[in-house]
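Coordinate analysis (summary)
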Amino acid sequence: MTPADLSMTVLHAVRRAVDEDALRVAVPPRVRVERTRPGGSGEYACAVALQLAGPAELPAREVARILKERIAAEPGIGRVDITGPGFLCLTLDAGADGAARVALVREVAARGNEYGHGTALRGEAPLLTHAAEVRAAVTADAVAALLRSQGAAPRTAPTGPVDPAWSGLGVAATGTASGPATAGTDGRDGTAETIRPVPAGAAAADLLVRLGSDAARWGLLRAANHDRAALGDGLLVQSAGNPLFLVRYARARAHAVTRSARALGVHEAPGPNGEPAAYDNAAYGEPAALALAALLADHPAVLLAAARHRAPDRLARHLEAVAHAFFDFHDACPPLPAGDEKPSAAHRSRPALAEATGTVLAGGLSLLGISAPKHL
């Protein structure tokens, strides 16, 4: 289950309570469900009881109690707890959620680097104008890639002379925009909007010489538009302290796991008639696997949000989180048998989660215009 699925589940429980006259409120159009914060109870939390307490003229904990029994009866819900002033804390049914994680792995395998791409922004054709400055050019280029991944048809254009060195950073801008951006527009109707990150304070040619294209693009895109870009030599350091190296190394390590699993004959393969591999649900039930699978499931929503908000930094931070979660999973749930260890059902399934991770990381880096080598 995704947070969107859980939101619909909670809404259904609210409607039931209203239909049964247990609550006398207007059913809200949407309900927000979030992952539980560190130290919290359950896997997800929802504050709908606090939202409805006033209109229902009941204490929030009483509203939570009314909803608890109805949410607990919904498919896929394992346990519902009430904490604090009336928060509903949800724990998923292990079996149902395990099946959802298996379906996630299969979806990533089927869609490859286009996992998370969609059509939510189809019909939008914004003109992304930007200053004749390297960070603005690279940011506009990445935003355009994100928009295309969601079905939009953006165009980019600088508002001044093109720097030939931009091409070394993967920016294919030619010519200039026909006019300045229209103030106050968002570009969704074809009018212009301006991409305005804090300038890099360095020339494209200098960045290419010092950092190379991949590290320079990461440095230019990793910070939010209103923050200064970190463009120091640390971007070239090959250690876990360098987020770019961490993400690319996680992608390479995930590929190595898949390659080794196939060589050892423990990687689940499709059946003789092309049916999906019979992954073991339980192999994805450990906390580290749960955390990694949750981030992979969030990937489509991250891409859409990054496109809508013109914020490639959101994707960069998401890739960092996936990389950290992958190494936690790799250490806590060894995907390959060690030494003379006999392969288990988990060893036949965990490499598939590793492979899905590598696919998500490679696809995300590609949208940022950064290479994702299989070997580092």
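Here's what I pulled together on the structure shown here. (Residues numbered from 1 in each chain as written. Predicted model: local features only at pLDDT ≥ 70, side-chain atom pairs only at ≥ 80, totals over all residues. Heavy atoms only, no water.)

Before going further, it helps to spend a moment on the environment of His 318. Relative to the assigned elements, His 318 resides in helix H9 (residues 312-332). Expressed as a C-alpha distance, the spacing of His 318 and Asp 298, which sit 20 residues apart in the sequence, is 9.0 Å. For His 318, the contacting residues outside a window of four places in its chain are Leu 295, Asp 298, His 299 and Val 302. Only 3.4 Å separates the side chain of His 318 from the side chain of His 299, close enough to count as a polar contact. (Helix = DSSP H or I, 4+ residues; strand = E, 2+ residues; numbered from the N terminus. Contact = heavy atoms within 4.5 Å. Polar contact = N/O pair within 3.5 Å; in protein donor to acceptor, adjacent residues only side chain to side chain.)

Here we take up the sheet that holds strand S4 (residues 87-92). The strand order across the open sheet built from four strands is S1-S2-S4-S3, with neighbouring strands paired in antiparallel fashion. Each edge of the sheet is formed by a strand with only one pairing partner; in this case those strands are strand S1 (33-35) and strand S3 (77-83). Within this sheet the neighbouring strands show an average axis-to-axis angle of 30 degrees, counted without direction. With six bridges connecting them, S3 and S4 associate as antiparallel partners. Bridged to Arg 79 within S4 is Thr 91. Of the strands in this sheet, S1, strand S2 (44-46), S3 and S4 are in contact with helix H1 (residues 3-19), which crosses S1 at around 140 degrees. (Pairing = 2+ DSSP bridges. Axes fitted to C-alpha atoms, helices over the stretch in contact; angles between N-to-C directions.)

Quick look at the pairing of S4 now. With five of six residues buried, S4 lies mostly within the body of the structure. Where S2 and S4 come together, three bridges link them in antiparallel fashion. Bridge pairing links Tyr 44 to Leu 90 in S4. Between the end of S3 and the start of S4, which pair antiparallel, lie three residues, with Gly 84 showing a positive phi angle near 55 degrees. (Buried < 20%, exposed > 50% of the residue type's maximum accessible area, 1.4 Å probe, protein only.)

Here the focus is the packing of aromatic side chains. Counted by the stated rule, this structure contains three aromatic pairs. For the pair Phe 245 and Tyr 249, a centre-to-centre distance of 5.6 Å together with 5 degrees between the ring planes defines the contact as stacked. Residue Phe 245 and its partner Tyr 249 are located together in helix H7 (residues 243-264), separated by four residues, close to a single helical turn. Relative to Phe 327, the ring of Tyr 249 lies with its centre 5.6 Å away and its plane at 20 degrees, an arrangement referred to as stacked. Remark: Phe 327 occurs in helix H9 and Tyr 249 occurs in helix H7; sequence separation between them is 78 residues. Judged by its relative accessible area of 34%, Tyr 249 falls in the partly exposed class. Take Phe 327: its relative accessible area is 17%, and that puts it in the buried class. The structure contains a cluster of three or more aromatic residues connected by ring pairs, namely Phe 245, Tyr 249, Phe 326 and Phe 327. (Phe/Tyr/Trp six-rings, centres within 6.5 Å; stacked < 30°, edge-to-face > 60°.)

Let's shift gears to the side chain of Thr 357. One can find Thr 357 in helix H10 (residues 345-367). Side-chain polar atoms of Thr 357 contact the backbone oxygen of Leu 353, separated by 2.9 Å. What Thr 357 contacts, discounting residues up to four positions off in sequence, is Leu 292, Leu 296, Val 322 and Phe 326.

This next bit is on the nonpolar core. Residues Val 134 and Trp 218 are the most contacted members of the largest nonpolar core, which totals 71 residues. Counting only elements with at least two residues in this core, the list comes to helix H4 (94-111), helix H5 (134-149), helix H6 (204-222), H7, helix H8 (287-308), H9 and H10. Take this core: its biggest share by element is 10 residues, from H5. With near-sequence residues (within four places) excluded, Trp 218 lies in contact with Leu 235, Pro 243, Leu 244, Val 247, Ala 316, Glu 320, Leu 365, Leu 368 and Ile 370. (Core = buried A, V, L, I, M, F, W, Y, C linked by side-chain atoms within 4.5 Å.)

Let us look at the sheet that holds strand S6 (residues 155-158). Pairing within the open sheet is parallel, and its three strands lie in the order S6-S5-S7. Two strands in the sheet have a free side with no partner beyond their single neighbour: S6 and strand S7 (192-195). In this sheet, adjacent strand axes meet at a mean angle of 30 degrees when their direction is disregarded. By the bridge criterion, four bridges tie strand S5 (residues 127-130) to S7 in an arrangement that is parallel. If you follow Thr 129 over to S7, its bridge partner there is Thr 194. Of the strands in this sheet, S5, S6 and S7 are in contact with H5, which crosses S5 at around 165 degrees.

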